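Below, each chain spelled out in residue letters.
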Amino acid sequence: MTEPAAAAPDDAAAVRQVSRIVLLDPDDRILLLHGFEPDDPSDTWWFTPGGGLEGTETHEEAARRELAEETGITDAVLGPVLWKRRCSFPFAGRHWDQDEWYYLGRTDRTVTDMGGQTDLERRSVSGLRWWTAEELSASHETVYPTRLAELLRTLLDEGPPSAPVTLETERV
């Protein structure tokens with residue numbers, strides 16, 4: 001989760017471009033990070049690894065870099081873009097507007113290393129966890145995107161969509 005660059009809310013060109021990974025292990029568990037508001041550690045949520053594109057990076061390059069930084073996993077096989085969404089939220093005292101691409105990723109490695117995190121990530125991520133679809137569906141914790149349990153179940157039942165699915169815009 002690279003620290004977002006400041007953007008004027010009305011400037012469409014300033015919308016942050018983000019790549020995320022729906023990373024599955026051999027047992028079809030999904031890896032999620034546990035985040036919190038830096039100034040309010042009681043305000044928590046779960047989210048997929050990923051972050052903003054840097055410089056001239058492609059979405060795929062950003063996805064791979066972010067996964068390595070946040071989890072230490074460098075051997076993931078990336079598949080297609082599953083979903084795209086626009087989201088808008090407050091975080092770390094600012095307001096962010098993002099266009100997010102969610103890649104399917106597969107790995108045999110379930111051991112993680114959070115040593116590559118940025119300063120902001122160290123101040124706002126408390127850990128990570130592999131979740132089964134059933135655990136995710138039964139959870140009452142906040143997860144982003146908010147329909148992730150349903151989306152994961154559809155992915156596991158039907159396979160990746162033939163083209164990326166555009167999710168509803170989320171505003172927090």
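Residues numbered from 1 in each chain as written. Predicted model: local features only at pLDDT ≥ 70, side-chain atom pairs only at ≥ 80, totals over all residues. Heavy atoms only, no water.

K.L.:
Which parts of the structure should I look at to understand the overall build of the protein?
P.N.:
Summing up its helical and strand segments, the protein has four helices and ten strands in all. Against the globule reference of 16 Å for 172 residues, the protein gives a C-alpha radius of gyration of 15 Å, in line with a compact fold. Overall size of the protein, expressed as C-alpha extent along the three principal axes, is 40 × 35 × 30 Å. By sequence separation, contacts in the protein at least 24 residues apart represent 69% of the contacts at least 6 residues apart. Accessible area for the protein stands at about 8500 Å²; split by element, carbon and sulfur atoms hold 49% of it. For the protein, the distance from the average position of its 17 positive side-chain charges to the average position of its 33 negative side-chain charges is 1 Å. (Helix = DSSP H or I, 4+ residues; strand = E, 2+ residues; numbered from the N terminus. Rg over C-alpha atoms; globule rule 2.2 N^0.38 Å. Contact = heavy atoms within 4.5 Å. Areas by Shrake-Rupley, 256 points an atom, 1.4 Å probe, with all protein chains shown as cover. Lys, Arg positive; Asp, Glu negative; His and termini not counted. Charge placed at Lys NZ, Arg CZ, Asp CG, Glu CD.)

K.L.:
Sorry, what's going on with the side chain of Thr107 here?
P.N.:
For Thr107, the position within the fold is in the loop between strand 6 (94-106) and helix 2 (119-124). Residue class for Thr107 comes out buried when judged on its relative accessible area of 5%. At 3.1 Å, the side chain of Thr107 forms a polar contact with the side chain of Asp75. Within polar-contact distance, the side chain of Thr107 engages the backbone nitrogen of Arg109 at 3.0 Å. Thr107 has contacts with Leu23, Leu24, Asp25, Pro26, Ile73, Asp75, Ala76 and Trp130, leaving out every residue within four places of it along the chain. (Buried < 20%, exposed > 50% of the residue type's maximum accessible area, 1.4 Å probe, protein only. Polar contact = N/O pair within 3.5 Å; in protein donor to acceptor, adjacent residues only side chain to side chain.)

K.L.:
Would you mind going over the environment of Leu152 with me for this structure?
P.N.:
Along the chain, the position of Leu152 falls in helix 4 (residues 148-158). Residue class for Leu152 comes out buried when judged on its relative accessible area of 0%. Linking Leu152 and Lys84, residues 68 residues apart in sequence, is a C-alpha distance of 14 Å. Sequence-distant contacts of Leu152, that is, excluding residues within four places in its chain, are made with Leu24, Ile30, Ala133 and Leu136.

K.L.:
Whenever I open this one, the pattern of salt bridges confuses me. Can you help?
P.N.:
A side chain with one charge may pair with a side chain of the opposite charge, provided their charged atoms come close. A complete count under the given rule lists 15 salt bridges for this structure. We note a salt bridge from Arg85 to Glu100, for which the minimum N-O separation is 2.7 Å. Here Arg85 is found in strand 5 (residues 77-91), whereas its partner Glu100 is found in strand 6, with 15 residues between them in sequence. Glu100 matches Arg85 in its accessibility class, with the two residues each being buried. Salt bridges here are not isolated pairs; linked through shared partners, they connect Glu54, Glu57, Arg65, Glu66 and Glu69. (Salt bridge = Lys/Arg side-chain N within 4 Å of Asp/Glu carboxyl O.)

K.L.:
I would appreciate a short explanation of the nonpolar core in the present structure.
P.N.:
Nonpolar side chains in soluble globular proteins generally cluster together in the buried interior. Counting 19 residues, the largest nonpolar core has Val22, Ile30, Leu32, Trp83 and Leu136 as the members making the most contacts within it. The greatest single-element share of this core, amounting to five residues, is contributed by helix 4. Excluding residues that lie within four positions of it along the chain, Ile30 makes contacts with Val22, Leu23, Leu24, Thr48, Arg129, Trp130, Trp131, Leu136, Leu148 and Leu152. In terms of nonpolar packing, the next biggest core, distinct from the first, is built from eleven residues, Leu23, Ala63, Ile73 and Tyr103 among them. (Core = buried A, V, L, I, M, F, W, Y, C linked by side-chain atoms within 4.5 Å.)

K.L.:
Please explain the pairing of strand 3 (residues 40-47) as it appears in this structure.
P.N.:
Side chains on a regular strand alternate between the two faces of the sheet. Sheet topology note: the strand 2 (residues 30-37)/strand 3 ladder contains five bridges and is antiparallel. Within strand 3, the residue paired with Phe36 across the bridge is Thr44. Relative to strand 8 (residues 143-144), strand 3 is paired through two bridges, and the arrangement is parallel. Along strand 8, the bridge assignment pairs Trp46 with Val143. (Pairing = 2+ DSSP bridges.)

K.L.:
Looking at this model, I keep getting lost on helix 4. Mind explaining?
P.N.:
For an α-helix the count is 3.6 residues per turn, leaving residues at separations of three or four pointing the same way. All of the buried residues along helix 4 are Leu148, Ala149, Leu151, Leu152 and Leu155. For helix 4, the angular spread of buried residues about the axis comes to 165 degrees, placing them on one side. Pointing more than 90 degrees away from the buried face of helix 4 are the exposed residues Asp157 and Glu158. (Arc of directions from axis to C-beta.)

Take it as geometry only, folks, not as evidence of what the structure does.
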